[in-house]
Every structure is written in C-alpha cells, then in structure tokens.
Amino acid sequence: MSADKKKIKILIVDDIPEARENLKKLLAFEPDFEVVGTASTGREGLDLTREFLPDIILMDINMPDMDGITATNELRKALPYVGVIMMSVQGEAEYIRRAMAAGARDFLTKPPPAEELYATVRRVYEIQGDWRERVAIPGGAPSAGLPKIRLHQAGRETHVIAVYSPQGGVGKTTVATNVAAGLMLKEDTKVLLIDLDLQWGDVGVFLNLKPQATIVDLIKSVDDFDPDLAENVLLTHDSGLRVLLSPTRPEEAELVPPDKVPTLIEKLKGMFDFIVLDLPTALDPMALSIFDSAERIMLVVNPTLPSVKNTLALMTLLDRMEYPDNKTVLVVNRHSGDLERAKVNIAVASIEAKLKRTALGIVPMDERRI
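Because the structure is predicted, anything quoted here is derived from the model rather than measured.

> Got a minute to help me understand the packing of aromatic side chains in this structure?
Each aromatic ring pair is characterised by the separation of its centres together with the angle its planes make. If you walk through the whole model with that rule in mind, you get 2 aromatic pairs. Between the aromatic rings of Tyr-164 and Phe-291, the centroid separation amounts to 5.2 Å while the plane-to-plane angle is 85°, which identifies the pairing as edge-to-face. Highlighted residues: Tyr-164 in strand E6 (residues 159–164) and Phe-291 in helix H12 (residues 285–293), separated in sequence by 127 residues. Looking at Lys-327, its charged tip hangs above the ring of Tyr-323, at a distance of 4.2 Å from the centre.

Here it is, written out as structure tokens:
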C-alpha cells in the first residue's frame, strides 16, 4: 500500500473478549485497515467513537449495559458519517431489519468469513464517503460537534419514471433495473429504484442485493419522514444505485398501505435526480395515483397479440386522462428481428401504429446479451 493512501480506521465493539481478539487478528492481515480500539459495551463504544473518530464500527447486537441497536441509534443521530456494521450469531430477518432500521449499513453473521468481512468493511467505507466529505474539517477529521445533517437537498429537481405493463412476464423489471442503472452513468447523478411489486418483487434478485431492509421499514414512519432513516433503509448496489426493496414475504404487503406509497415517493423527492418505480401489473388506485404524479410512464410491451391488446386497452384509458403526449413512452421488449422464424411476433411498425406511439427503445430477444 502506498504511504499516502488513507487507512480505514475500525473500532470493534463486542462483549466477548475472544470475539474481539479474533476480529482484530483477521483485520490485521489487510494493510489498508487499522483497528483503533476495542470496546465491550455499546456505551463504551460511543465514548471511544468520540475519542478515536473511526470510519467503521463492527458492532455486536447483544451486549450488556447498552446493546448494539441502542448504540447504533445514538450514532446515527450524533455521528452519521460513521459506518456501522452490525454483527450477530443470529442471522434471522428480524435481527437484520432491526439493525438496518437503527442505522447499520450492513449486517454480518458471526463469525464472519474473512473475505466477506474485508469486502463488507470496504463497501461500507465507500458508501460513507459522501458523508465524510460533507462533515470534513481542516485536517481531514470529521467534527463530532456538527449538527445532524439532512439528506434532503433543497432545489434538487427529481424526475419520477414509472415503469409499467398491464401484463406480467414481459420483462418490466429487466427494463426498470437497466433504466435506473443507465441513468447512473452520468457523473454525480443520484438515482433511486423502488420495487413496488409488494408481493412478488424481484428487483433484489436482479441486482443480487440481500433484503436487509425494505419499504416496510420506511412506510410506517412516512408521516413523520426522517431523511436520515431513509438513508439507512435504502440499499446500495455496487454501481452506486440506491434501492428500496419490496417486502421479503408476500403477506408483508399488507403492512404497506397503498395510499401511503405516493406520499413516500413525494417525501423522497429532493434526495435524488431520478426515481425509477417498478410497478406491479395491477391497475389499482396506487398505480393511478403514481401515473398522475410521474413525469414519465414507461410502458413495456412484448410483440405478442395479448401484450399489445392489453397495452392498447391501457393506452385508451390513459388518453382519457388527458396526459401530455410526451408523458407516456413505449419500450418493445423481446423483439425478434427474424419475423419469419418468430411467427408469433408482431412487427414493431404495426405495434407503433396500433398504439399511436413511436417506440423509445427496442430490446432484442437475446438472452445472452441481456
């Protein structure tokens, strides 16, 4: 490691001496890591955090005096630039959800494999980079006395794109995730992708994200919205794309009041340049409300008779809503260029004529390329 490269400062907080020592030994193998201290309780961890100003805290969830959840909550309020990685021998979803809601950036099951530990520390450190820049003072150290930072940036214009299809299985999630990722290619652009298929959402699978926290954790406090809590609930893909996942189990969809979803989207505006919404196929009051507020409605259609028929019925409805002509755009997915071999395919020109829209994009039937 070059002498001028900054080491990642790490504090270990665990009530078991052997666990602290094992983590310390593992971290010592990596030249870019520096363990600045160890603590046996959450309260002691808070005191050492103020003293050493670490970048990362490895925090056990169950400890005497003050547990990891309480300590992480305190850190989120006072020192938001410190990245907390929660640890527990229990890897159940409820433990993970509690940790993320408290403000942890990631979760490790004890004892963590060395490579997973190293990768998680580096990933969380990178995620926290924006916070460190915001609170930096001369000399490079963050100021522990700074007021709580709000992520909402007044004046940031947010463009909301709703990706929808009235028919399942057309590749809507493929289009939504790639649109969101594509928007990230522009430098300094902040993009949020929200999976609104509350029962059967697949965005987490498409992006290989562990569902540590979901929309359930954010919607319950939407009326008293806290941007700092939102920052902790949203997951971060390797590309930098922020993601709000749907519930992990279909029955949890009942915990998300549909009438609160548009409110949540409105509250998240100002934090991002773009918000991409992956909607379910149901044409319900939630979808109609989102259609009204979205800047663009991206309709995904397959070149098959049922898909075109359903999309035409939807377009007829949208036309009655008197939206501007440029509000609704069309993407043809799974198109085969060889119409002689793909007898079930409908030509793009015929689809465009029927739907009275020129396709914004045509995605080929090429699974290898996808």
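> Before we go on, may I ask you to explain the sheet that holds strand E9 (residues 242–244) in this structure?
The strands that make up a sheet are held in pairs by hydrogen bonds between backbone atoms, and each pair lies either parallel or antiparallel. Spatially, E8-E9-E7-E10-E6-E11-E12-E13 is the arrangement adopted by the 8 strands of the open sheet, whose pairing is mixed. Edge positions in the sheet fall to strand E8 (235–236) and strand E13 (359–364), since each has one partner strand and no second. Pairing analysis gives 4 bridges linking E6 to strand E11 (residues 296–301), with the strands arranged parallel. Paired with Ile-161 across the bridge in E11 is Arg-296. Contacts from helix H13 (residues 305–320) reach E6, E11 and strand E12 (328–335), with the element oriented near 160° to E11.

> Which parts of the structure should I look at to understand the side chain of Glu-30?
Following the sequence through the fold, Glu-30 ends up in the loop between helix H1 (17–28) and strand E2 (33–39). Those residues in contact with Glu-30 that lie beyond four places of it in its chain are Tyr-118 and Arg-122.

> Help me understand the pairing of E11, please; the structure alone is not making it clear to me.
Regular strands place their side chains on alternate faces of the sheet. Here E11 lies mainly inside the structure; 5 of its 6 residues are buried. A crossover links E11 with its parallel partner E12, the connecting element being H13, and its sense is right-handed.

> I would appreciate a short explanation of the sheet that holds strand E5 (residues 106–109) in the present structure.
One open sheet holds the 5 strands; their spatial order is E2-E1-E3-E4-E5, and the pairing between them is parallel. Only two strands of the sheet have a single neighbouring strand rather than two, namely E2 and E5. On average, adjacent strands in this sheet sit at an angle of 25° to one another, irrespective of strand direction.

> Could you clarify how one ought to interpret H12 in this entry?
Every α-helix winds through 3.6 residues per turn, so residues three or four apart in the chain are directed the same way. If you check which residues of H12 are buried, you get Met-286, Ala-287, Ile-290 and Phe-291. Looking down the long axis of H12, one finds its buried residues gathered within 135° of arc, a one-sided arrangement. If you follow the buried residues of H12, they end up packed against E6, helix H11 (261–268), strand E10 (274–278), E11 and H13.

> Help me out: how do you make sense of the packing of H13 against helix H14 (residues 348–355) in this one?
The relative placement of two packed helices is expressed as an angle between their axes plus a distance between the axes. Two elements in contact, H13 and H14, have axes separated by 10 Å at closest approach and are oriented at 25°. Compared by their axis directions, H13 and H14 come out roughly parallel. Considering only the axes of H13 and H14, their crossing is right-handed. In contact with Val-308, Thr-311, Leu-312 and Met-315 of H13, H14 contributes Ile-351, Lys-354 and Leu-355. By residue class, the composition of the contact of H13 with H14 is 5 nonpolar, 1 polar and 1 charged.

> When you look at the pattern of salt bridges in this model, what are you seeing that I'm missing?
Once the charged atoms of two side chains with opposite charge are near each other, the side chains can pair. Summed over the entire model, instances satisfying the criterion amount to 15 salt bridges. As a salt-bridge pair, Glu-231 and Arg-105 come within 3.4 Å of each other at their nearest N and O atoms. Of the two residues, Glu-231 is situated in helix H10 (residues 227–233) and Arg-105 in the loop between helix H4 (93–102) and E5; the sequence distance between them amounts to 126 residues. A single burial state applies to Glu-231 and to Arg-105, both of which are buried. Measuring nitrogen to oxygen at the nearest pair gives 2.8 Å for the salt bridge that ties Asp-106 to Arg-123. Of this pair, Asp-106 sits in strand E5 while Arg-123 is found in helix H5 (residues 114–127), placing the two residues 17 residues apart along the sequence. Residue classification places Arg-123 among the partly exposed residues on the basis of a relative accessible area of 29%. Salt bridges here are not isolated pairs; linked through shared partners, they connect Asp-14, Asp-60 and Lys-110.

Cut-offs used in this document
- Residues numbered from 1 in each chain as written.
- Predicted model: local features only at pLDDT ≥ 70, side-chain atom pairs only at ≥ 80, totals over all residues.
- Heavy atoms only, no water.
- Phe/Tyr/Trp six-rings, centres within 6.5 Å; stacked < 30°, edge-to-face > 60°.
- Helix = DSSP H or I, 4+ residues; strand = E, 2+ residues; numbered from the N terminus.
- Lys NZ or Arg CZ within 6 Å of the ring centre and 35° of its normal.
- Pairing = 2+ DSSP bridges.
- Contact = heavy atoms within 4.5 Å.
- Axes fitted to C-alpha atoms, helices over the stretch in contact; angles between N-to-C directions.
- Buried < 20%, exposed > 50% of the residue type's maximum accessible area, 1.4 Å probe, protein only.
- Right-handed = clockwise from strand over helix to strand, strands pointing away.
- Arc of directions from axis to C-beta.
- Parallel < 35°, antiparallel > 145°, perpendicular 65-115°, else oblique.
- Left-handed = near helix turned anticlockwise from the far one by under 90°.
- Nonpolar A, V, L, I, M, F, W, Y, C, P; charged D, E, K, R; others polar.
- Salt bridge = Lys/Arg side-chain N within 4 Å of Asp/Glu carboxyl O.

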